[in-house]
Amino acid sequence: MTSPTKTLCPYCGVGCGLEVLPPALPGKATHRDDRGVPIWRVRGDRSHPSSLGKVCVKGATIAEALDKDRLRYPMMRNSLEEPFQRVSWDDALDRIASEFRQILATDGPDAIALYGSGQFQTEDYYIAQKLMKGCLGTNNFDANSRLCMSSAVAGYVKSLGSDGPPCCYADLEETDCAFLIGTNAAECHPIAFNRLRVHHKKNRSVKLIVVDPRKTATADAADLYLAIRPGTDIDLLNGIAHLLLRWGQLDTLFIDECTRGFPEFTDVVRHYPPDLVAQRCGISQEELETAARLWAQSKRVLSLWSMGLNQSSEGTAKVRSLINLHLMTGNIGKPGTGPFSLTGQPNAMGGREAGGLAHLLPGYRLVTNPQHRREVEEYWNLSPGQINPRPGLAAWDMMLGLEAGTVKALWVAATNPAVSMPDLDRTHAALRRSPLTIYQDAYYPTETAEFAHILLPAAQWGEKTGVMTNSERMVTLCPQFRDPPGEARADWEIFAEVGRRLGFEASFEFRSSAEVYREFVYLTKSRICDMAGLSQERLRREGPLQWPCAEGETDDPETRHAKRLYTDFRFPTEDGRAKFGAYHARGLAEPPDPDYPFVLTTGRLYEHWHTQTRTGRIDKIAKKYPDPFIEIHPRDARELTVIDGEWVIVVSKRGRGKFRAKLTRAIAPGTVFVPMHWGFLWADDAEANALTHPESCPESLQPELKACAVQVFSVESERGTGKSEVVGCVT
Ligand SMILES: Nc1nc2c(c(=O)[nH]1)N[C@H]1C(S)=C(S)[C@@H](COP(=O)(O)OP(=O)(O)OC[C@H]3O[C@@H](n4cnc5c(=O)[nH]c(N)nc54)[C@H](O)[C@@H]3O)O[C@H]1N2
Ligand SMILES: Nc1nc2c(c(=O)[nH]1)N[C@H]1C(S)=C(S)[C@@H](COP(=O)(O)OP(=O)(O)OC[C@H]3O[C@@H](n4cnc5c(=O)[nH]c(N)nc54)[C@H](O)[C@@H]3O)O[C@H]1N2
Ligand code: SF4
Ligand SMILES: [Mo]
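Residues numbered from 1 in each chain as written. Chains lettered and ligands numbered in written order. Predicted model: local features only at pLDDT ≥ 70, side-chain atom pairs only at ≥ 80, totals over all residues. Heavy atoms only, no water.

J.: I'd like a description of the site of ligand 3, backed by residues and values.
T.: Neighbouring residues of ligand 3: Cys9, Tyr11, Cys12, Gly15, Cys16, Val55, Cys56, Lys58, Gly59, Pro190 and Ile191. Elements represented by at least two residues in the shell around ligand 3 include exactly α1 (57–61) and α6 (190–202). Considered class by class, the residues forming the shell around ligand 3 number eight nonpolar, two polar and one charged. (Near = heavy atom within 4 Å. Helix = DSSP H or I, 4+ residues; strand = E, 2+ residues; numbered from the N terminus. Nonpolar A, V, L, I, M, F, W, Y, C, P; charged D, E, K, R; others polar.)

J.: Mind laying out the domain arrangement of the protein chain, listing which residues take part and the relevant values?
T.: Domain boundaries in the protein chain define domain 1 (1–69), domain 2 (75–148 + 347–546), domain 3 (155–341) and domain 4 (598–727). On a C-alpha basis, the centroid separation for the pair domain 2 and domain 4 is 32 Å. Contacts between domain 2 and domain 4 engage 26 residues on the former and 24 residues on the latter. For the pairing of domain 2 and domain 4, the buried interface totals around 2,100 Å² over both sides, and the portion due to carbon and sulfur atoms is 59%. At the boundary of domain 2 and domain 4, one finds zero salt bridges. Breaking the side of domain 2 that touches domain 4 down by element, the ones donating at least two residues are α17 (395–404), α18 (417–420) and α19 (424–433). Its residues assigned to classes, the side of domain 2 that touches domain 4 comprises 14 nonpolar, six polar and six charged. (Domains from an automatic or database assignment. Contact = heavy atoms within 4.5 Å. Buried area = accessible area lost by both parts, 1.4 Å probe. Salt bridge = Lys/Arg side-chain N within 4 Å of Asp/Glu carboxyl O.)

J.: So, the packing of helix α3 (residues 122–136) against helix α20 (residues 491–501): which residues are in play, and what are the values?
T.: At a minimum axis distance of 8 Å, the contact between α3 and α20 shows a crossing angle of 20°. As far as their axial angle goes, α20 and α3 are roughly parallel. Crossing geometry of α3 relative to α20 is assigned as left-handed. Residues Glu123, Asp124, Ile127, Ala128 and Leu131 of α3 touch α20, and the partners they reach there are Asp491, Trp492, Phe495, Ala496 and Gly499. Grouping the amino acids of the contact of α3 with α20 by side-chain chemistry returns six nonpolar, one polar and three charged. (Axes fitted to C-alpha atoms, helices over the stretch in contact; angles between N-to-C directions. Parallel < 35°, antiparallel > 145°, perpendicular 65-115°, else oblique. Left-handed = near helix turned anticlockwise from the far one by under 90°.)

J.: Which residues make up the nonpolar core, and what values go with them?
T.: Phe179, Leu236, Ile240 and Trp411 are the most contacted members of the largest nonpolar core, which totals 116 residues. Considering every element that reaches this core, the biggest residue donor is α3, with eight residues. Beyond its immediate sequence surroundings of up to four residues, Phe179 is in contact with Ile209, Val211, Leu236, Leu237, Ile240, Trp295, Leu302, Ser303, Leu304 and Leu322. In this structure, Phe193, Ala222, Phe340 and Leu342 belong to the second largest nonpolar core, which totals 38 residues. (Core = buried A, V, L, I, M, F, W, Y, C linked by side-chain atoms within 4.5 Å. Buried < 20%, exposed > 50% of the residue type's maximum accessible area, 1.4 Å probe, protein only.)

J.: Which residues make up the pairing of strand β18 (residues 454–457), and what values do they have?
T.: Of the two faces of β18, the one carrying Ile454 and Leu456 and the one carrying Leu455 and Pro457 are both buried. Looking at chain direction, strand β4 (residues 75–76) and β18 are connected through two bridges and run antiparallel. Counterpart to Met76 in the pairing with β18 is Ile454. (Pairing = 2+ DSSP bridges.)

J.: Hey, could you go over the packing of aromatic side chains for me, with residue numbers and the actual values?
T.: Applying the stated criterion to the full structure yields 23 aromatic pairs. Judged by centre distance (6.0 Å) and plane angle (65°), the ring pair of Tyr126 and Trp380 falls under edge-to-face. Here Trp380 lies in the loop between α16 (370–379) and α17 and Tyr126 lies in helix α3, a separation of 254 residues in the sequence. Accessibility classification places Tyr126 together with Trp380 in one group, the buried group. A cation over a ring is seen here: Arg214 above Phe673, with NZ or CZ 3.6 Å from the ring centre. Above the ring of Trp647, the side-chain terminus of Lys658 is found at 5.5 Å from the ring centroid. (Phe/Tyr/Trp six-rings, centres within 6.5 Å; stacked < 30°, edge-to-face > 60°. Lys NZ or Arg CZ within 6 Å of the ring centre and 35° of its normal.)

J.: Residues and numbers for the side chain of Arg373, please.
T.: Relative to the assigned elements, Arg373 resides in helix α16. Despite its burial, Arg373 pairs with no opposite charge, the nearest such side chain being Glu377 at 5.0 Å. Here Arg373 is in contact with Leu361, Val367, Thr368, Ile387, Asn388 and Pro389, once residues within four sequence places are set aside. (Lys, Arg positive; Asp, Glu negative; His and termini not counted.)

J.: For the environment of Ser117, give the residues involved together with the corresponding values.
T.: Mapped onto the elements of the fold, Ser117 is located in the loop between β6 (112–116) and α3. Considered as a pair, Ser117 and Ala348 are 231 residues apart in the sequence and their alpha carbons are 7.6 Å apart. Here the side chain of Ser117 touches Gln119 through a polar contact of 2.8 Å, landing on its backbone nitrogen. (Polar contact = N/O pair within 3.5 Å; in protein donor to acceptor, adjacent residues only side chain to side chain.)

J.: Quick rundown of the site of ligand 2? Include the residues and the values.
T.: The immediate surroundings of ligand 2 are formed by 32 residues, with Asn416, Ser420, Asp441, Thr611 and Asn689 found nearest. With respect to ligand 2, the side chain of Gln119 contributes an N or O atom lying 2.8 Å from an oxygen atom. Between ligand 2 and the protein, one listed contact pairs a nitrogen atom with a backbone N or O atom of Gln440 at 2.9 Å. When isolated, ligand 2 has an accessible area of 920 Å², and the protein chains bury 99% of it. The dominant element in the shell around ligand 2, judged by the number of residues it contributes, is strand β17 (residues 437–441), at three residues. A per-class count over the shell around ligand 2 returns twelve nonpolar, 14 polar and six charged. (Areas by Shrake-Rupley, 256 points an atom, 1.4 Å probe, with all protein chains shown as cover.)

J.: Tell me what's going on with the sheet that holds β17, and back it up with residues and numbers.
T.: Pairing in this open sheet of seven strands is mixed, and the strands run β5-β4-β18-β17-β16-β6-β7 from one edge to the other. Each edge of the open sheet carries a strand with a single partner, namely β5 (85–86) and β7 (141–143). In the sheet, strand β16 (residues 409–413) pairs with β17 via four bridges, with the strands oriented parallel. Within β17, the position partnered with Val412 by the bridge is Tyr439. In this fold helix α2 (residues 89–106) packs onto β4, β6, β16, β17 and β18, with an angle of close to 130° to the strand it touches most, β18.

J.: Go over the pattern of salt bridges, please, and point to the residues and values.
T.: For the structure on display, the rule yields 48 salt bridges. The salt bridge partner of Asp575 is Arg260, with a shortest N-O separation of 2.6 Å. A residue pair is termed long-range when its members are at least 10 positions apart, and Asp575 in the loop between β21 (545–546) and β22 (578–579) and Arg260 in strand β11 (residues 259–260) qualify at 315 residues. Here Arg260 falls in the partly exposed class, since its relative accessible area comes to 30%. Arg511 serves as the salt-bridge partner of Glu515, at 2.7 Å between the closest nitrogen and oxygen. Residue classification places Arg511 among the exposed positions, given a relative accessible area of 72%. Each of Asp90, Asp94, Glu497, Arg500 and Arg501 takes part in one network of salt bridges that share partners.

J.: Mind laying out unusual backbone geometry, listing which residues take part and the relevant values?
T.: In this structure, Pro445 follows Tyr444 across a cis peptide bond, with omega equal to 5°. Here Pro445 is to be found in the loop between β17 and β18. Look at the link from Trp547 to Pro548: it is a cis peptide, with omega at 5°. Within the secondary structure layout, Pro548 lies in the loop between β21 and β22. Not every positive phi belongs to a glycine, and Ala414 is a case in point at roughly 65°. In this fold, Ala414 is placed in the loop between β16 and α18.

In structure tokens form, the structure reads like this:
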């Protein structure tokens, strides 16, 4: 009997356990996809504590995408106009090392930038940090998590003293009231949502509140659905706090003993009476009061959020305003309670642990903290002062650096910024100016490859061994079970090889990713994300384990899969208290105006993953969505004289796109929705980010990808007004 390899789904941050088996098994017909190509068998792993054997369509179909259109060999060209030529690894790596050496000598380390991804394994992240922040001495490492989780990181750190979701999935089954805000978990975190839904269905007293300008599949399951106007979350959250204060529904003991900043917070909240809030949010006072009453009366409130809060020019303030409600009602540190950020990518959490943003160092450390720098410098055998004390360039600032000519080399790995960055016209122009772009991906073609000089083929999930951490801090080993195609290599090996060629041989002597992981976990010792008790060997032997997991910690079966942070109500701040954040609502960075009267919001569909590099190559998923579309409320459509299924032009101050109109009452009038999944390889002129703007949260630097002002034209009416032609009108 062939035994299955236990691993983790490489898509979303729920982190479901998978079991994989080869296509050909003794006594069984070879497993094949719809086109007859042999593919690996994939099923849910019942022993995985986070998912208990469940998988969604993405996890179930992952094998169908593994072999299509893979990048197999390094390729190079001198200019973007030339075709790529296949080259050897030695040629590609030597060119990178020699160009880097020259840039280091003439412009210094801050002229080099590396843009990575929550789809890295922890080992990839760690080696990238060591190369950039340690050896080269630039903090210019940022990841697509900047577009994804950075407001959650900033909100947790500022309110609770540290990053790291304090909750676990068992809380989904122990809560009395789940408050879901800015998250379409039914489509984007389906297996976690399923656990909540089962609990909700079984227990009639359990309440489910959903706050979203779109009536999503998540909202369909709610007892109370609040269709707020985009960008009015702080009004709503402060409005709920106002009522709790007015009713005296507070945990005063918790506020007195465990928090600070309450008086300043109440000064702000006083300005959010229910009539004003209801009017700003576009909901009724009754709905607002029902939400506040559920917060007041439920014994255990759990909140869940994702991009509807994070991707905002006031993302950190939104997150902190939500955490305030937990602090004022004492809903934290106990089973079934807490502010739970659902992480997007499979290893966004591991990235944060390994220091994978431009202001972080491994072990939840900060580059601005001299003590933290010293600890890491000592461990890496660097001279004092070698780690730069200033945060490096955040994702969008890398584009601005290319624009200004200060970034001379951009290395992009495991992300597709030519689709996922805001304001694509400007992004593409910046990428075109880049003197040297290295692109390290598993697939070819992709949109970003069009802007690259050097392509490096990456081994992806299943082709390298490494570790990932999911939303509930569960760490799972993802072992290699198949060979990488062609000459593809693991990301960490590529970073290490460049490090060696730049003269840092001693820093990159690793023979396996297990050795890399061993070096990394030491840096988490005694930190809140303590993983010093973990190793790849232990994870292989014992299966997934949750952090914190200190050295020498053996397993307590009672707590094994339900670890929570802050159960003693002490927080990792200077005085051990959590902090209220007092924020007034500022609203959208680009509110609608007479020329651009609609708010465009963007997001995801259940079957597709981001820029479609995998899911676009799976026939049944691609067939389900033949055309990119825009959701419009029938009332708005009537005024625009747009009919269902017709092509419409959507214009913002930055760009335009062409989408099929989908009329639906699930979207609030005045708001339209476009999925983020279509880059220029998959459709003409259908990029959500051709329209979006880069205005970001000042605290997290996360762009407001969830809202910009647009105008919508029916194709006919636009022809009538003599505006530009429809086909080929973008960029
Ligand atoms: N199927 C699928 N699942 C995925 C992914 C995928 O590509 N496909 N990607 C993964 C990743 S990386 C991430 S980050 C997560 C994202 O997971 P989610 O955050 O759940 O997904 P989104 O669709 O981006 O946005 C969530 C919701 O925010 C709402 N929203 C927009 N503006 C506002 C606002 O101002 N306030 C409020 N309250 N809500 C608002 C949108 O209507 C949308 O329904 O999904 C992960 N899971
Ligand atoms: N308008 C709008 N824009 C958005 C968002 C939104 O909601 N609206 N969401 C934002 C968010 S939350 C996110 S997370 C981003 C996602 O945006 P991206 O990160 O650009 O999207 P992906 O398609 O996941 O790109 C991942 C790439 O990594 C490659 N890959 C997979 N595995 C590996 C590996 O092991 N090694 C290497 N080197 N490559 C690998 C894949 O082939 C793919 O090209 O988009 C952001 N942009
Ligand atoms: S819920 Fe997320 S982790 Fe689980 S199978 Fe689906 S995509 Fe994979
Ligand atoms: Mo994300």
